[in-house]
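Structure at a glance
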Protein chains: 2
Amino acid sequence: MNSLEEVEDFVRNGHRHYLPHLSIDPVIFGYHDQQLKILLLNWKGLNGWGLPGGFIQRREPLSQAAHRILQERTGLENVFLQQFHTFGDSPYRLQERNPREFFEKYGVDMGEDNWLFERTLSVGYFALVDYSKVNVRTDFFTQNYQWCDVKEIPSLLFDHNEAVDKALATLRLQIYHQPIGYKLLPEKFTLPEIHTLYETILGKELDPRNFAKKLVALGLIKKLAEQRAIGPHRSPYLYQFEKETYEDALKQGIVHTY
Amino acid sequence: MNSLEEVEDFVRNGHRHYLPHLSIDPVIFGYHDQQLKILLLNWKGLNGWGLPGGFIQRREPLSQAAHRILQERTGLENVFLQQFHTFGDSPYRLQERNPREFFEKYGVDMGEDNWLFERTLSVGYFALVDYSKVNVRTDFFTQNYQWCDVKEIPSLLFDHNEAVDKALATLRLQIYHQPIGYKLLPEKFTLPEIHTLYETILGKELDPRNFAKKLVALGLIKKLAEQRAIGPHRSPYLYQFEKETYEDALKQGIVHTY
DNA sequence: ACTTAATAGCGTAAATTTTACGGAATAAAG
DNA sequence: CTTTATTCCGTAAAATTTACGCTATTAAGT
């Protein structure tokens, strides 16, 4: 949504194309520089940082809407995306932050009972993406973005902080049941990388020796011949997931501690 | 909703009181006779078995709506209720089963574009209740009910079978993180009772000796002096949850196998 | 009153997993 | 060629899980 015509049509007629009272605001996780990060957008009209988001078309299946929104924002297709909670306990989400002034500045009149003022529940999805493949696309409403370390999330719009917290908690709970490492890491990665990732998600230290030993013993990852040269010390070997063993293991749930 | 006036008002004006396109259909679990059961209602107008359900009032927080609906259907308050998924991938839920005939029989005209025909997403909650305390309340739309063993669920309305399956899967995943036994069992219970409950939920056999040993060793349950006389054999002792230890353990997640 | 059938539930030991760390190997900077 | 930083192999003790033998208790049947 970039031209003023599109925006005006969205404000005036959006309620005919989209389901009212509902939005999808995905928490997009990426991993870079040994940090777990989420994608935040700066919403101009609302004047603050928040999750990327979008509405559900009237005849569009819910999960398809989530994929479309993600595609529109990041260019990614076939992404791992999982619904984790529907937020509807803060009943008056948009009324707190009246964007009327913003639209008027551009000559768009919202009218009295514009659909964008109504109560909105948000279906929360989280996405696990390969950080290096994301191409954030901004639009009329969102001209800045940042990848923000989950340890330093600022105060966000609406109930988005609650959504981020819940997404993280879900990630933690499902770490042994979903392909979390597989989706967040690039194809080839080092032991320290996967080790730090799991420590970050679980929020606790894991003995690096035992951690690596377990992953290899279970046949979840395999060592490659290549090494990666980084820094003034021994070069780490590269590893790769054993896709089949890994997926089988997740079905059972990896009960062990890694 | 029992009188014809109420029903007529609901059909005609419900869209003013409730959020359109959304419903809540709780999966209510109870445990009786060594069987895990869910509550099903026979929906007259739709002519089939389905979950109890209801709509969200326009200014009502989502979780409060879930509790209200549960209260209206079963008389229970302060019930353990957990959201587990929002269903919106079958876009045309009600259009498959047109209840127009049913209402016309009672002289209620639905009109052409009645709100009840529109696409409806369903926010799925599951409840864990003490079977013995439930008082099912039927109404104009629902005159029969049954507690149905989860192993024998018939074909249900809309996507309710999917909802039941997903609720069960969630129960299984969360068995070591939520007070599942605590909420489903009566205050005092026997070892065989809790043992069968866990076997049913997990869908696999657990060695009864090790199972009991573990629960007692972790301090989750304690043996009472009383026994219960049942059947032509040794009477089992009664046990009770150690509420505090139990809740602490759940926060960590009981990693062990029981 | 004694036998039998049907469960309840204690106890022990072997197998497996987890935890804790010592220390060698490697790479680049000075 | 020494120092510093980091990778990651290996071993052993501790803890947990698994497997299963065996006794205890109750009521029904004879």
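A brief structural summary. The model shown is predicted, which means the values in this text are computed figures rather than measured ones.

Across its full length, chain A holds eight helices and ten strands. In terms of overall dimensions, chain A has a C-alpha envelope of 65 × 40 × 30 Å along the principal axes. Evaluated residue by residue, chain A yields a buried proportion of 53% over its 258 residues. When the accessible surface of chain A is totalled, it reaches about 12600 Å², and 45% of it is carbon and sulfur. Within chain A, one finds 30 positive and 34 negative side-chain charges whose respective centroids are separated by 6 Å.

In this section: the sheet that holds strand β10 (residues 237-241) of chain A. All names here are of chain A. Taken together, the three strands give an open sheet; going across it, the order is β8-β10-β9, and neighbouring strands pair in antiparallel fashion. This sheet does not close on itself; its edge strands, each paired only once, are β8 (189-190) and β9 (221-227). Note that β9 and β10 share four bridges and pair antiparallel. Bridge assignment links Lys 223 to a residue of β10, and that residue is Tyr 239.

Here the focus is the sheet that holds strand β9 (residues 221-227) of chain B. Ordered by their spatial adjacency, three strands build an open sheet running β8-β10-β9 (chain B), and the pairing between neighbours is antiparallel. The strands lining the two open edges of the sheet, one partner per strand, are β8 (189-190) and β9 of chain B.

Relating one copy of the chain to the other takes a rotation about an axis and a shift parallel to that axis. Mapping chain B onto chain A calls for a rotation angle of 180 degrees and an axial translation of 0.0 Å; the resulting RMSD is 0.0 Å. What we have between these two chains is a two-fold relation. The residues that chain B uses at the interface reappear at the interface of chain A in 100% of cases, marking a shared surface.

Further remarks concern the pattern of salt bridges. Tallied over the full model, the rule gives 18 salt bridges over all chains. One salt bridge connects Glu 72 of chain A with Arg 68 of chain A, and the closest N-O pair in it is separated by 3.2 Å. With Glu 72 of chain A and Arg 68 of chain A both in helix α2 (residues 62-74) and four residues apart, the pair spans about one turn of that helix. Residue class for Glu 72 of chain A comes out partly exposed when judged on its relative accessible area of 42%. Given the relative accessible area of 17%, Arg 68 of chain A is considered buried. In this structure, the salt-bridge partner of Lys 188 of chain B is Glu 226 of chain B, at a minimum N-O distance of 2.8 Å.

The interface of chain B with chain A comprises 26 residues on the first partner and 26 residues on the second. When the two sides are added together, the surface that chain B and chain A hide from each other amounts to roughly 2200 Å², 55% of it contributed by carbon and sulfur. For the pair chain B and chain A, the number of links is zero salt bridges. Linking chain B to chain A there are 14 residue pairs in polar contact (both at pLDDT 80 or more). Considering every element that reaches the side of chain B that touches chain A, the biggest residue donor is strand β5 (residues 80-87) of chain B, with four residues. For the side of chain B that touches chain A, the class distribution of residues is twelve nonpolar, eight polar and six charged.

Time to look at the side chain of Thr 120 of chain B. Mapped onto the secondary structure, Thr 120 of chain B falls in the loop between α3 (100-105) and β6 (121-128). Only 3.1 Å separates the side chain of Thr 120 of chain B from the backbone oxygen of Glu 118 of chain B, close enough to count as a polar contact.

One can find Ala 127 of chain B in strand β6. Not counting residues within four places of it along the chain, the set of residues in contact with Ala 127 of chain B comprises Val 27, Ile 28, Phe 29, Leu 70, Val 79, Phe 80 and Leu 81 of chain B.

Here the focus is a negative patch on the surface. A contiguous patch of negative charge, built from Glu 101, Glu 104, Asp 109, Glu 112 and Asp 113 of chain A, is present on the exposed surface. Structurally, Glu 104 of chain A can be placed in helix α3 (residues 100-105).

Quick look at the pairing of strand β5 (residues 80-87) of chain A now. Every regular strand shows the same layout, with side chains that alternate between the two sheet faces. All names here are of chain A. Burial analysis of β5 places eight of its eight residues in the buried class, the great majority of the element. Bridging between β5 and strand β6 (residues 121-128) involves seven bridges; their strand directions are antiparallel. Bridging from a neighbouring strand, Phe 87 pairs with Ser 122 of β6.

Moving on, we come to the side chain of His 21 of chain B. Of note, His 21 of chain B is situated in the loop between α1 (4-17) and β1 (22-24). Given the relative accessible area of 7%, His 21 of chain B is considered buried. A distance of 3.2 Å separates a polar atom in the side chain of His 21 of chain B from a polar atom in the side chain of Glu 118 of chain B. Leave out the neighbours within four places in its chain, and His 21 of chain B touches Leu 19, Pro 20 and Arg 58 of chain A together with Glu 118, Arg 119, Thr 120 and Leu 121 of chain B.

Here we come to helix α2 (residues 62-74) of chain B. Residues and elements named next belong to chain B. Between its first and last C-alpha atoms α2 spans 18 Å; for 13 residues at 1.5 Å apiece the expected length is 18 Å, and the two agree. Those residues of α2 lying buried are Leu 62, Ala 65, Ala 66, Arg 68, Ile 69, Leu 70, Arg 73 and Thr 74. Where α2 terminates, the next one or two residues include Gly 75, which has phi positive at roughly 80 degrees.

All names here are of chain A. Two numbers describe how helix α6 (residues 191-202) lies on helix α7 (residues 208-217): the axes approach to 10 Å, and their chain directions differ by 105 degrees. Between α6 and α7, the angle falls in the class roughly perpendicular. The segment α6 lies against α7, with Leu 191, Ile 194, His 195 and Tyr 198 engaging Pro 208, Phe 211, Ala 212 and Leu 215. When its residues are assigned to classes, the contact of α6 with α7 shows seven nonpolar, one polar and no charged.

What counts, and at which threshold
- Residues numbered from 1 in each chain as written.
- Chains lettered and ligands numbered in written order.
- Predicted model: local features only at pLDDT ≥ 70, side-chain atom pairs only at ≥ 80, totals over all residues.
- Heavy atoms only, no water.
- Helix = DSSP H or I, 4+ residues; strand = E, 2+ residues; numbered from the N terminus.
- Buried < 20%, exposed > 50% of the residue type's maximum accessible area, 1.4 Å probe, protein only.
- Areas by Shrake-Rupley, 256 points an atom, 1.4 Å probe, with all protein chains shown as cover.
- Lys, Arg positive; Asp, Glu negative; His and termini not counted.
- Charge placed at Lys NZ, Arg CZ, Asp CG, Glu CD.
- Pairing = 2+ DSSP bridges.
- Least-squares fit on C-alpha atoms with pLDDT ≥ 70 in both.
- Contact = heavy atoms within 4.5 Å.
- Salt bridge = Lys/Arg side-chain N within 4 Å of Asp/Glu carboxyl O.
- Buried area = accessible area lost by both parts, 1.4 Å probe.
- Polar contact = N/O pair within 3.5 Å; in protein donor to acceptor, adjacent residues only side chain to side chain.
- Nonpolar A, V, L, I, M, F, W, Y, C, P; charged D, E, K, R; others polar.
- Patch = residues over 30% accessible without salt bridge, like charges linked within 9 Å, V, L, I, M, F, W, Y side chains within 5 Å.
- Expected span 1.5 Å × (residues − 1).
- Axes fitted to C-alpha atoms, helices over the stretch in contact; angles between N-to-C directions.
- Parallel < 35°, antiparallel > 145°, perpendicular 65-115°, else oblique.

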